[in-house]
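# Per-entry structural report
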Amino acid sequence: MTEATKTEWKNLLPPKDNQRKSFDQTALESLAASIHSVGVIQNLTVKKERGKFRIHAGHRRYLAVGLLIEQGKATEDFEMPISIRTEKGVDLEEIALAENLEREDLSPMDECEAFARLRNGGMEIEQIALKFATSEMTVRRRLALGTLCDKAKEMVRSGEMCLREAKHLASVTHEEQAAYFKYLEDTNSPNGEYAARRFFFEKPTADIAIFDIADYKGGFVQDLFSDNAKKQFSDVDQFMDLQRKAYDERKEAYASAGLTVLEPGFDHYNVRAKYRKAGEGEEPTTVIMRWQHGRVDIETGLVKDKRDTGTGETAGPRPRYSSAQLQHAAEMRTIAVQRSLIGNRRKVLEVSVLQHMTGFQNQASIKPSPRIEKHYGSEMLRSIEEIAAAFVAKFRDAGFESYRWSYESGGGEVTDPIPALFYLSGERGAIFKVIREMTDEELEGLHSLLVTVTFHQSGDGIKTEEDEHNLVALDVNADVRDSFVPDDVFLKRFKTDRLKEIAVESGFAETGKSIEKSKKGDLVNHLAIWFKDAPNAEPATERHVKATEWLDPIMAFPAIDPDAPADLPAEPETTAADDAEALPEAAE
């Protein structure tokens, strides 16, 4: 049953077990402004309790009015429309959760706790998924977060730990989670999916076991966030003992049958070099290989290549040239080309373009920076994209297409113009013929483009030295802030303490907003908006200028290491006369 009526704000009680534990302060202030303007439009769902009304849905509206009261824009007598419900238990829980899911995304931890209460109330996972229009896997993933230790839960809630990292911790005990945090501390390793995956999941999986799994008495860990999760042996030593025993039994049986057994140290490359698929009329053998990490591979239908006698000699005719002769010839040919090439600027440009586009002499192709790809369409790189598109059209007119390698993720046709230049189909010789036909102006334009998009600086450390990248940056007066505004993706990588420092350095702290007790997620949101809006502020105050000019020291050319010891002032040089004056006078 439901009864719609009104009550004063002071008669409301906050939820006891509200699903939402974290609120976006900016969104809350926006809601308060809306309520101040037009009032509370939608009823809060409540239940009578001790002469007052306990909120079950509408916590944000309640807090928004509380904010107005703090600001002096409303009083505790503010009228709130309410719907009084008489249902009990899990029904009210469902109402509150449904409303929160519809109005604003709950944090993963809030969803975890809400789904857990519904589950404990007797609702099946399938029912939860159906009721809230989500997948059963999503419900299971959220419930899995409940196994996190308190520290990990708080880090997920504050945004300091991503879900990909949390999923690994959710698969193990609290003791193993504590060991993980100690590992991070001892190795000074950053939090992240890679660190967690390395710590927990570099273990053998059940699918490579050649023994009866029932013989294994240890536990498993499993990625609960994957639809095709593989169980992994938590007791690696027990797995290796069982795997080795099963291998020895098979090895003996295979050897008795005259089949080939390869010990650790051999792998697929060795097998491919020494064996081939059996042809018609040839008696095939089976090769069993044991890898050092426990995997056992069995290759059937092979014969030993007759060219290999096992002594290092060949059974057939000797090749005309030895590998040493061929290598020596290649070196001489290279020198001859280099002597002629160095004085031919046009040919140097042609070869340089070919190297960048395809990888000369089978070297790996040089790819454009992924960061540049993220800027596609921006004013800064629009001209580069247009230049690339013109050259892609030139190659396509010559019959070339652009496709990623089949083994790369997201394979298929490449349509973005800059990457397309690096995935041209066809032989390098055919591509080179097109390059040779270009005018000098076209060739220099393509060369400039390729050098520009492939001139990267590595991310292995703070670049304080005068390397070639920093020197070029100084020569062309490069400034990161000309094309970069600190956004939430960038800011999320900082710890909470550093974000508070940034708030001071960038002038945000001068706006009057409290930062001392702010959580990381709120700081990231506030700062991202501050940096985005500051350049357009009118009038531009000193604090807006701070935001526009703020740059983390590692983004300078050369970078500045904030943790580097300060240089001590050099001692003043002394002359011989100074030294003489400092000597005590000789006794008379």
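Residues numbered from 1 in each chain as written. Predicted model: local features only at pLDDT ≥ 70, side-chain atom pairs only at ≥ 80, totals over all residues. Heavy atoms only, no water.

Within the protein, the secondary structure is distributed over 25 helices and eleven strands. Expressed as a percentage of the 588 residues in the protein, the buried residues total 36%. Accessible area for the protein stands at about 36000 Å²; split by element, carbon and sulfur atoms hold 50% of it. (Helix = DSSP H or I, 4+ residues; strand = E, 2+ residues; numbered from the N terminus. Buried < 20%, exposed > 50% of the residue type's maximum accessible area, 1.4 Å probe, protein only. Areas by Shrake-Rupley, 256 points an atom, 1.4 Å probe, with all protein chains shown as cover.)

So, about the packing of helix H4 (residues 108-120) against helix H7 (residues 150-158). When two helices pack together, you describe them by how their axes are tilted relative to each other and by the distance separating the axes. At a closest axis distance of 7 Å, the pairing of H4 and H7 adopts a crossing angle of 125 degrees. In terms of their interaxial angle, H4 and H7 are classed as oblique. Every residue of H7 that contacts H4 at Pro108, Met109, Asp110 and Glu113 is listed here: Lys153, Val156 and Arg157. Broken down by class, the residue content of the contact of H4 with H7 amounts to three nonpolar, no polar and four charged. (Axes fitted to C-alpha atoms, helices over the stretch in contact; angles between N-to-C directions. Parallel < 35°, antiparallel > 145°, perpendicular 65-115°, else oblique. Contact = heavy atoms within 4.5 Å. Nonpolar A, V, L, I, M, F, W, Y, C, P; charged D, E, K, R; others polar.)

Taken as a whole and judged by the stated rule, the model has ten aromatic pairs. Through a chain of ring-to-ring contacts, the aromatic side chains of Phe211, Tyr216, Phe233 and Phe239 assemble into a single cluster. (Phe/Tyr/Trp six-rings, centres within 6.5 Å; stacked < 30°, edge-to-face > 60°.)

Take Arg54: it is sitting in strand E4 (residues 52-57). With relative accessibility at 11%, the residue Arg54 sits in the buried group. Looking at Arg54, its side chain comes within polar contact range of the side chain of Glu49, at 2.8 Å. Contacts of Arg54, omitting those with residues within four sequence positions, involve Leu13, Pro14, Pro15, Lys16, Thr45, Val46, Lys47 and Glu49. (Polar contact = N/O pair within 3.5 Å; in protein donor to acceptor, adjacent residues only side chain to side chain.)

So, on to the environment of Val504. Considering the arrangement of structural elements, one finds Val504 in helix H22 (residues 496-505). Separated by 42 residues in sequence, Val504 and Lys546 place their C-alpha atoms 9.6 Å apart.

Turning our attention to the nonpolar core. Of all hydrophobic cores here, the largest spans 27 residues; its most connected members are Met357, Phe395, Leu421, Ile431, Ile435 and Leu446. When residues of this core are traced back to their parent elements, those giving at least two are helix H14 (345-358), helix H16 (379-397), helix H17 (417-420), helix H18 (428-436) and helix H19 (440-454). The residues contacting Phe395, other than those within four sequence positions of it, are Met357, Phe400, Leu421, Leu424, Ile431, Val434, Ile435, Met438 and Leu446. Residues Phe53, Ile55, Leu67 and Ile84 belong to the second largest nonpolar core, which totals 21 residues. (Core = buried A, V, L, I, M, F, W, Y, C linked by side-chain atoms within 4.5 Å.)

Before going further, it helps to spend a moment on the sheet that holds strand E10 (residues 285-290). Two pairing modes exist for strands in a sheet, parallel and antiparallel, and in both the strands are linked by backbone hydrogen bonds. Ordered by their spatial adjacency, four strands build an open sheet running E8-E10-E11-E9, and the pairing between neighbours is mixed. Of all the strands in the sheet, just strand E8 (260-262) and strand E9 (275-277) have a single pairing partner and so form its edges. With strand direction ignored, the average angle separating the axes of adjacent strands in the sheet is 45 degrees. Examined bridge by bridge, E8 and E10 share three bridges and lie parallel to one another. Bridging from a neighbouring strand, Thr260 pairs with Val287 of E10. In the packing of helix H11 (residues 236-256) onto the sheet, the strands contacted are E8, E10 and strand E11 (296-304), and the crossing angle to E10 comes to about 155 degrees. (Pairing = 2+ DSSP bridges.)

Once that is clear, we can look at the pairing of E11. Across three bridges, E9 lies against E11 in antiparallel orientation. Residue pairing in the sheet places Tyr275 in a bridge with Lys304 of E11. Two strands pair when backbone bridges link them, and E10 and E11 are joined in this way by five bridges, in the antiparallel orientation. When the bridges of E11 are listed, Met289 appears paired with Asp297.

The element E10 is extensively covered by neighbouring structure, given that six of its six residues are classed as buried. Residues Thr285, Val287 and Met289 line one face of E10 and the alternating positions Thr286, Ile288 and Arg290 line the opposite face, and both faces are buried.

Our focus in this paragraph is the pattern of salt bridges. The full count for this structure, using the stated rule, is 16 salt bridges. In this structure, Arg50 and Glu49 form a salt bridge, with 2.8 Å as the shortest nitrogen-oxygen distance. Take Arg50: its relative accessible area is 68%, and that puts it in the exposed class. Judged by its relative accessible area of 16%, Glu49 falls in the buried class. (Salt bridge = Lys/Arg side-chain N within 4 Å of Asp/Glu carboxyl O.)

With that settled, consider the confidence of the model for the protein. Scored by pLDDT, the protein comes out at a mean of 75, with 71% of its residues at no less than 70. Taken element by element, the protein is modelled with least confidence in helix H25 (residues 576-582), mean pLDDT 44, and with most confidence in H22, mean pLDDT 91. Below a pLDDT of 50 lies the segment residues 312-316, which in the model reaches seven contacts outside its immediate sequence neighbourhood of four places, other chains included. Ignoring residues within four places in sequence, the model shows residues 574-588, a span with pLDDT below 50, making two contacts including any to other chains. (pLDDT = per-residue confidence, 0-100.)

Time to look at the side chain of Gln238. Counting through the fold element by element, Gln238 comes out in helix H11. When neighbours within four sequence positions are excluded, Gln238 is seen to be in contact with Asp215, Tyr216, Lys217 and Gly218.

Moving on, we come to the packing of H22 against helix H23 (residues 520-533). One can describe the packing of H22 onto H23 by two numbers: an axis separation of 10 Å at closest approach and a directional angle of 30 degrees. In terms of axis orientation, H22 runs roughly parallel to H23. Read as a crossing pair, H22 and H23 show a hand that is left-handed. Taking contact as the criterion, the partners of Thr496, Leu499, Lys500, Ile502 and Ala503 in H22 are, on H23, Lys520, Leu523, Val524, Leu527 and Phe531. In terms of residue class, the contact of H22 with H23 is made up of seven nonpolar, one polar and two charged. (Left-handed = near helix turned anticlockwise from the far one by under 90°.)

Next up on the list: unusual backbone geometry. For the bond running from Glu538 to Pro539, omega is -5 degrees, close enough to zero to count as cis. Looking at where Pro539 falls in the secondary structure, it is placed in the loop between H23 and helix H24 (542-549). Cis geometry is found at the peptide bond from Phe557 to Pro558, where omega equals -15 degrees. Looking at where Pro558 falls in the secondary structure, it is placed in the loop between H24 and H25. The phi dihedral of Arg50 is positive, around 50 degrees, even though this residue is not glycine.

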